[in-house]
Number of protein chains: 2
Amino acid sequence: MHVPLALNPEYLAPEVTPAEVAAEQANVTFWHEKLHAGTGPGADFTGWLEPDQILTPAELDRLIATADRLRRECECLVVVGIGGSYLGARAAIEALAEPDAPPVLYAGQNLSASYHQRLLQSLAGRPYALNVISKSGTTTEPAVAFRILRQHLESSAGKEIARQRIVATTDQQKGALRSLATQEGYETFVVPDDVGGRFSVLSAVGLLPIAFAGIDVRALVAGAAACARACREPQVERNPAYYYAVARNRLYRKGYAVELLSSFEPRLQLLAEWWKQLFGESEGKQQMGLFPASAAFTTDLHSLGQYLQQGRRLLIETFLQVAEGEPAVVVPAEAENADGLNFLAGQGLTTINREAYRATALAHREGGVPNQTLTLERLDAFALGALFYFFEKACALSGYLLGVNPFDQPGVEAYKGHMFALLGKPGFEEQTTALRARLADAGPAPEVRFP
Amino acid sequence: MHVPLALNPEYLAPEVTPAEVAAEQANVTFWHEKLHAGTGPGADFTGWLEPDQILTPAELDRLIATADRLRRECECLVVVGIGGSYLGARAAIEALAEPDAPPVLYAGQNLSASYHQRLLQSLAGRPYALNVISKSGTTTEPAVAFRILRQHLESSAGKEIARQRIVATTDQQKGALRSLATQEGYETFVVPDDVGGRFSVLSAVGLLPIAFAGIDVRALVAGAAACARACREPQVERNPAYYYAVARNRLYRKGYAVELLSSFEPRLQLLAEWWKQLFGESEGKQQMGLFPASAAFTTDLHSLGQYLQQGRRLLIETFLQVAEGEPAVVVPAEAENADGLNFLAGQGLTTINREAYRATALAHREGGVPNQTLTLERLDAFALGALFYFFEKACALSGYLLGVNPFDQPGVEAYKGHMFALLGKPGFEEQTTALRARLADAGPAPEVRFP
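Predicted model only: the values in this text are computed from it and were never measured.

## Comments concerning the sheet that holds strand S1 (residues 5–8) of chain A
Line of reasoning, step 1. Judged by pairing direction, the sheet is mixed, and its 6 strands sit side by side in the order S8(A)-S7(A)-S9(A)-S10(A)-S1(A)-S11(B) without closing on themselves. Each having just a single partner strand, strand S8 (291–296) of chain A together with strand S11 (448–449) of chain B make up the two edges of the open sheet.
Line of reasoning, step 2. By the bridge criterion, 7 bridges tie strand S9 (residues 315–324) of chain A to strand S10 (residues 371–378) of chain A in an arrangement that is parallel. Counterpart to Gln321(A) in the pairing with S10(A) is Thr375(A).
Line of reasoning, step 3. In the packing of helix H14 (residues 349–367) of chain A onto the sheet, the strands contacted are S9 and S10 of chain A, and the crossing angle to S9(A) comes to about 160 degrees.

So, in structure tokens, the structure goes:
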């Protein structure tokens, strides 16, 4: 099946040329084969490779039926999750949900009291469903938020109704949330063992909230599966995901430090957040990796634009474009033409926005920012599914080319250890004592203040 | 008057020590004096230095009265502006507006057809006001959006009512928007000549939308003015704005390339966007400057956290903390304690969030990210005004220390020239011909596609 995306690498040259990318073929083929044979680092976490096999057809049917039921019974869905249990679904919903779709709200993706207080206020008197997503059930943010929301829902809707409106997406067998769900009789879906959080958008983790928002999750999975089949091709000139991976690696080796994912379509802004986790968490280790950042144009051309054009030359840029299917909003003519814009009268915003993109890609090229453009033929569920997979596959290869395990995240525990110690979590007594002593030894913080 | 913010530089060491910052004093004093004497680069754009003199008392009274009138007559306000005519107001409104405040919507901050179509749909049947903000009136994005919205408002409310609901913030004398406002009889406010866009939040540019949202703009200006008085102190150990400026410059000179503004409070996320423009546009020139990025924690600890802890060591970090005044949202106890969180039962989210911050600052320090913390005593209009000024003053000094003119933006025209050429704007005929020929010569884009 046709994969509705293409990569334009023209403005990568002269820093990276097609010949240079082609010359990496042996390396690409080597890692491609290891990835598919399951013999590369982190091979236990490559279940995402076959996106249409993550859920069985029966499970997908049940998931869609559950989403439909919740949508009939409730006005909105609160998704309780963080990181990979949050970003993929939110990215898809922001990109694709219709304005009149039932709202999906988020909890436990931060620890802000003011955020959660406002959320609770906005839920007052509304029938809502809860989808709590956590493999272990003990990740602090979602676990805390779930305690608060479960109590809120039980006290507002009653324990029996709450039971029907809570769906847990968690480990198949073990863990705190699995136990609780069994005990309470919640409907459940599975966080697969072989799919890491940042690769989980096409599992039940992402699909249930996406389905609730009225998006065609079968088309999403089909698009990803079509891209997966196309991505079995190891030749870089026939596999834009691999081309992208090779190009960004070569730019990294040449000293570039930051990759900017830029889009002219605000609906894709959350996708950039998902992309940041995917690449940042997969590659940012052993003191390596491009720092992933994003820009929302043309908004940010009027804020970051100066830096991008003339600041320190450490940036590469990937534009994410949508070719067609945008609505027609036309610039009206005005008799007086005080603003001098009559040359645009009758033009659609989509055309103007596209020329702004073409102008920006060229200007950034001229300013010394090597850039490439990934174009979606249209923004629908099939194309977005393909795009998710495109980046996942590119990321896996890119991590291997960089020389890291793209599927682990050894550094994310560092702050958690300190946090548990500071909060006095049972089992952390030694760290608590040591950390408190250390902070006490340091004395009061040496603040700089106005007199 | 007490300025309710303080800087904790503890975790900048060993890369930057207090002695090292103090050793820059002569340099700081030199540029401080030039800034205040109006003898440094860009001295024509330092009107922001005295935030309580940007508007006269009578103008501020009129602005507040206008905001009150619009709030009585309308359900919401649409702000039409981009860059500095957008980010400051939005940052303040997201930080401070109450959940039941009249909504402020935004237009002309991008060129997305889908965004503007949804905006128009959401305005159907609602009485709304328009504040169009543009010094020239010809900046493409707001000018295009204003054409569309003005026509929409006139046809939905009638020309006479529309006239009363449109307020133009523009040049005092000249320009397309000034002429139109005079001709149509719109109420107007002034974009000062001596205050650049990114420094304009405390002028009518920012204050009118902020006042519409029910925020105390007198307190905002008073906080800025208090900070301005305190910032007349050139000694770095008594001026945290200068300390911050010196520290980030020294880190830049030592090879750090990206500054991350991190907050644990989602209401401050848009402030980071304002900050990015302020520093990115002021310093990102002549191939120099820290690239400004931001993180929203703890959300992004579960996405960027791995990179921050163990990725390429090019990052410095500034935490923005709020000390008190957050609402009480408490973790409930649970008899079964399946999630093991009973050690947190009875604790407020605010406490847990604060320990997450302390843990993160320490973990990032240990991971090799020099970081400092700017703490607001509370998040209110006075403190936010002080914070805006803190960053403005720090930015001016920081740009001078870097060796650039912090008040110009020579690079932002690059994409505009290409865009006007591609769109066939009158006066750009030569560029249009040259650019079209050039793009045609290059042939069709050499895309990489799946077969």
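Here the narrative resumes.
## Considering the packing of aromatic side chains
Residue and element names in this part refer to chain A.
Line of reasoning, step 1. Across all of its chains, the model carries 46 aromatic pairs over all chains by this definition.
Line of reasoning, step 2. Ring centres of Tyr244 and Phe390 lie 6.0 Å apart, and the angle between their planes is 40 degrees; on these two criteria the pair is classed as tilted. Taken together, the positions of Tyr244 in helix H11 (residues 240–253) and Phe390 in helix H15 (residues 381–402) put the pair 146 residues apart, joining distant regions of the chain.
Line of reasoning, step 3. Take Tyr244: its relative accessible area is 1%, and that puts it in the buried class.
Line of reasoning, step 4. Relative accessible area serves as the criterion here: at 0%, Phe390 is assigned to the buried category.

## Considering the nonpolar core
Line of reasoning, step 1. In this structure, Val78(A), Leu149(A), Phe291(A), Leu149(B) and Phe291(B) are the most contacted members of the largest nonpolar core, which totals 129 residues.
Line of reasoning, step 2. In this structure, Phe291(A) is in contact with Ala257(A), Val258(A), Glu259(A), Val258(B), Leu260(B), Ala293(B), Tyr307(B), Leu308(B), Leu314(B) and Leu315(B), ignoring residues within four places of it in sequence.
Line of reasoning, step 3. Counting 109 residues, the second-largest nonpolar core is a separate cluster that includes Met288(A), Ile316(A), Leu384(A) and Leu397(A).

## Observations concerning the side chain of Glu184(B)
All names here are of chain B.
Line of reasoning, step 1. In this fold, Glu184 is placed in helix H8 (residues 176–184).
Line of reasoning, step 2. The buried category is assigned to Glu184, whose relative accessible area is 9%.
Line of reasoning, step 3. Ignoring any residue separated from it by four or fewer positions in sequence, one finds Glu184 in contact with Arg150, Lys159 and Arg163.

## Examining the domain arrangement of chain A
Residues and elements named next belong to chain A.
Line of reasoning, step 1. For chain A, the assigned domains are domain 1 (5–40 + 233–402) and domain 2 (47–215).
Line of reasoning, step 2. The straight-line distance from the C-alpha centre of domain 1 to that of domain 2 is 30 Å.
Line of reasoning, step 3. Between domain 1 and domain 2, the contact holds 22 residues from the first and 18 residues from the second.
Line of reasoning, step 4. Taking both sides of the interface into account, the surface hidden between domain 1 and domain 2 amounts to around 1,800 Å²; carbon and sulfur atoms contribute 71%.
Line of reasoning, step 5. In this structure, the connection of domain 1 to domain 2 is made through 1 salt bridge.
Line of reasoning, step 6. Between Arg198 and Glu281 there is a salt bridge, with the nearest N and O atoms lying 2.9 Å from each other.
Line of reasoning, step 7. Those elements giving two or more residues to the side of domain 1 that touches domain 2 turn out to be helix H2 (25–37), helix H12 (269–283) and H15.
Line of reasoning, step 8. Examining the composition of the side of domain 1 that touches domain 2, we find that 8 residues originate from one element, H12, more than from any other.
Line of reasoning, step 9. For the side of domain 1 that touches domain 2, the per-class residue count stands at 12 nonpolar, 3 polar and 7 charged.

## Comments concerning the environment of Phe291(B)
Line of reasoning, step 1. With respect to the helices and strands, Phe291(B) occurs in strand S8 (residues 291–296).
Line of reasoning, step 2. Residue Phe291(B) is classed as buried on the basis of its relative accessible area, which comes to 1%.
Line of reasoning, step 3. The spatial distance from the C-alpha of Phe291(B) to the C-alpha of Gly197(B) is 19 Å, given a sequence separation of 94 residues.
Line of reasoning, step 4. Beyond its immediate stretch of four places on either side in the chain, Phe291(B) contacts Val258(A), Leu260(A), Ala293(A), Leu304(A), Tyr307(A), Leu308(A), Leu315(A), Ala257(B), Val258(B) and Glu259(B).

## Focus: the relation of the copies chain B and chain A
Line of reasoning, step 1. When chain B is fitted to chain A, the best match, at an RMSD of 0.0 Å, comes from turning it 180 degrees and sliding it 0.0 Å along the axis. One copy is carried onto the other by what is essentially a two-fold rotation axis. Scanning chain B for the C-alpha nearest the rotation axis identifies Ala293(B), at a separation of 3.5 Å.

Rules of the game
Residues numbered from 1 in each chain as written. Chains lettered and ligands numbered in written order. Predicted model: local features only at pLDDT ≥ 70, side-chain atom pairs only at ≥ 80, totals over all residues. Heavy atoms only, no water. Pairing = 2+ DSSP bridges. Helix = DSSP H or I, 4+ residues; strand = E, 2+ residues; numbered from the N terminus. Contact = heavy atoms within 4.5 Å. Axes fitted to C-alpha atoms, helices over the stretch in contact; angles between N-to-C directions. Phe/Tyr/Trp six-rings, centres within 6.5 Å; stacked < 30°, edge-to-face > 60°. Buried < 20%, exposed > 50% of the residue type's maximum accessible area, 1.4 Å probe, protein only. Core = buried A, V, L, I, M, F, W, Y, C linked by side-chain atoms within 4.5 Å. Domains from an automatic or database assignment. Buried area = accessible area lost by both parts, 1.4 Å probe. Salt bridge = Lys/Arg side-chain N within 4 Å of Asp/Glu carboxyl O. Nonpolar A, V, L, I, M, F, W, Y, C, P; charged D, E, K, R; others polar. Least-squares fit on C-alpha atoms with pLDDT ≥ 70 in both.

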